[in-house]
Amino acid sequence: MKSKALNRKSPLLSIHSFLMMAFIYIPVIVIIVYSFNDSRLSMNWEGFTFDWYLSLLDNRNVMEALKNSLIIAVTSTIISTVLGTMAAIAMRKLVSKSKSAIAGLLYMPIVVPDIIMGLSLLVLFSQLGFTLGKMTVMIAHITFSISYVYAIVSSRMANMGNQLEDAASDLGATPWQTFRYVVLPSIWPGVIAGALIAFTLSIDDFLISFFVAGPNSSTLPIYIYSSVKRGISPEINALCTIMIFVSVALIILAQWLLNRGNREEKKTSMLPF
């Protein structure tokens with residue numbers, strides 16, 4: 001009787017879930033819908049048009065912000081993916097009482113509020129005499145992206161045994177050959193997923209970038225923020241819509257890669273050895 005009571009769905013829980021989803025997604029849907037509005041007044045619907053998306057291509061400030069965002073995102077993604085993957089591999093092999101403390105430090109940028117991260121990095125760069133610009137934004141994005149890459153890759157490696165690595169070593173493989181032909185093929189879904197998440201976070205980041213960006217290193221989120229202060233236009237709605245779809249697509253791709261990797265791992269574990 002108790003199990004039936006637990007399995008019975010509460011209508012209040014369903015209503016609560018629906019209201020929460022509506023609260024989260026209705027504003028996003030409104031932005032997407034009004035990005036196709038033919039009127040320059042954002043809440044005055046006058047018809048359907050793609051003109052605002054086309055006008056983004058002629059907006060020099062948008063193109064400059066897009067260029068900065070892509071340069072920063074690609075560079076920080078490559079570096080943070082390499083460093084995060086190396087950290088996950090090193091932590092897997094580490095045998096020490098301080099392992100949990102080191103892991104906690106690696107997770108720290110995830111739990112520290114963005115405003116604290118941005119302010120602390122700004123103080124650090126000021127003390128070191130760095131000029132704020134693309135380089136400082138890249139360093140800031142690498143700082144928090146490493147933690148996400150590490151978390152994803154380490155979770156991928158959690159159920160990996162040492163049998164294949166030991167067998168490769170017994171057969172005379174060097175550490176690099178073992179990594180190249182044994183470890184990397186096993187963890188590549190996590191590595192790619194971590195890279196996609198890092199790229200998404202870098203493209204979408206505003207608060208940390210706002211603290212450490214210079215006058216000529218404005219990213220898309222910073223450009224959107226500065227434009228909104230003058231009023232929300234359909235062009236800004238169009239830009240936000242593009243960023244929403246790109247972010248969602250990258251997150252879905254990352255999750256698909258992780259699920260595919262998990263399925264391949266299950267198939268491999270079922271093979272008789």
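Residues numbered from 1 in each chain as written. Predicted model: local features only at pLDDT ≥ 70, side-chain atom pairs only at ≥ 80, totals over all residues. Heavy atoms only, no water.

Draft legend 1. Spatial organisation of the packing of helix α6 (residues 114-128) against helix α7 (residues 134-157). Running from N to C, α6 and α7 point in directions that differ by 135°, and their axes come no closer than 11 Å. By the angle class used here, α6 and α7 are oblique. As for the relative orientation of α6 and α7, their crossing is right-handed in sense. Of the residues in α7, those in contact with Met117, Leu121 and Phe125 of α6 are Thr136, Ile139, Ala140, Thr143 and Phe144. Here the residues of the contact of α6 with α7 sort into six nonpolar, two polar and no charged. (Axes fitted to C-alpha atoms, helices over the stretch in contact; angles between N-to-C directions. Helix = DSSP H or I, 4+ residues; strand = E, 2+ residues; numbered from the N terminus. Parallel < 35°, antiparallel > 145°, perpendicular 65-115°, else oblique. Left-handed = near helix turned anticlockwise from the far one by under 90°. Contact = heavy atoms within 4.5 Å. Nonpolar A, V, L, I, M, F, W, Y, C, P; charged D, E, K, R; others polar.)

Draft legend 2. Fine view of the packing of aromatic side chains. If you walk through the whole model with that rule in mind, you get ten aromatic pairs. Seen from their ring centres, Phe210 and Phe211 are 6.3 Å apart, and the 85° between their planes marks the pair as edge-to-face. For Phe210, a relative accessible area of 42% puts it in the partly exposed group. The interplanar angle of 75° and the centroid separation of 5.7 Å between the aromatic rings of Phe210 and Tyr225 together place this pair among those described as edge-to-face. Within this pair, whereas Phe210 is found in helix α10 (residues 207-212), its partner Tyr225 is found in helix α11 (residues 220-228), the two being separated by 15 residues in sequence. An aromatic cluster of three or more residues is present, and its members are Phe36, Phe48, Phe50 and Tyr53. One Lys or Arg, Arg180, reaches over the ring of Tyr181 and ends 5.1 Å from the middle of that ring. (Phe/Tyr/Trp six-rings, centres within 6.5 Å; stacked < 30°, edge-to-face > 60°. Buried < 20%, exposed > 50% of the residue type's maximum accessible area, 1.4 Å probe, protein only. Lys NZ or Arg CZ within 6 Å of the ring centre and 35° of its normal.)

Draft legend 3. Quick peek at the nonpolar core. Counting 24 residues, the largest nonpolar core has Val62, Leu220, Tyr223, Ile224 and Leu239 as the members making the most contacts within it. The set of elements that each furnish at least two residues to this core consists of α3 (51-57), α4 (60-93), α9 (175-204), α11 and α12 (234-269). Looking at which element gives the most residues to this core, the answer is α12, with eight residues. Setting aside residues no more than four positions away along its own chain, Leu239 makes contact with Leu56, Val62, Leu220, Tyr223 and Ile224. Counting 14 residues, the second-largest nonpolar core is a separate cluster that includes Tyr150, Met160, Val183 and Ile187. (Core = buried A, V, L, I, M, F, W, Y, C linked by side-chain atoms within 4.5 Å.)

Draft legend 4. Representation of α9 in the model. With 30 residues, α9 extends just 37 Å between its outermost C-alpha atoms, more than 12% less than the 44 Å of an ideal straight helix rising 1.5 Å per residue. Of all the bends in α9, the greatest, near 60°, is centred on Leu184, and the proline Pro185 appears no more than four residues after it. (Expected span 1.5 Å × (residues − 1). Bend = angle between axes of the 7 residues up to and from the residue.)

Draft legend 5. Region of interest: the environment of Ile78. Mapped onto the secondary structure, Ile78 falls in helix α4. Through-space distance from the C-alpha of Ile78 to that of Phe199 is 8.9 Å; in sequence the pair is 121 residues apart.

Draft legend 6. Molecular detail of the packing of α4 against helix α5 (residues 99-111). Two numbers describe how α4 lies on α5: the axes approach to 11 Å, and their chain directions differ by 165°. Classified by the angle their axes make, α4 and α5 are roughly antiparallel. Of the two elements, α4 crosses α5, and the hand of that crossing is left-handed. In this structure, α4 contributes Ala87, Met91 and Arg92 to the contact, and α5 contributes Lys99, Ile102, Ala103 and Leu106.

Draft legend 7. The side chain of Thr241, seen in detail. Its location among the elements puts Thr241 in helix α12. A relative accessible area of 3% places Thr241 in the buried class. Polar side-chain contacts of Thr241 include one of 2.7 Å to the backbone oxygen of Asn237. Those residues in contact with Thr241, other than ones at most four positions away along the chain, are Ile31, Ile32, Ser35 and Tyr53. (Polar contact = N/O pair within 3.5 Å; in protein donor to acceptor, adjacent residues only side chain to side chain.)

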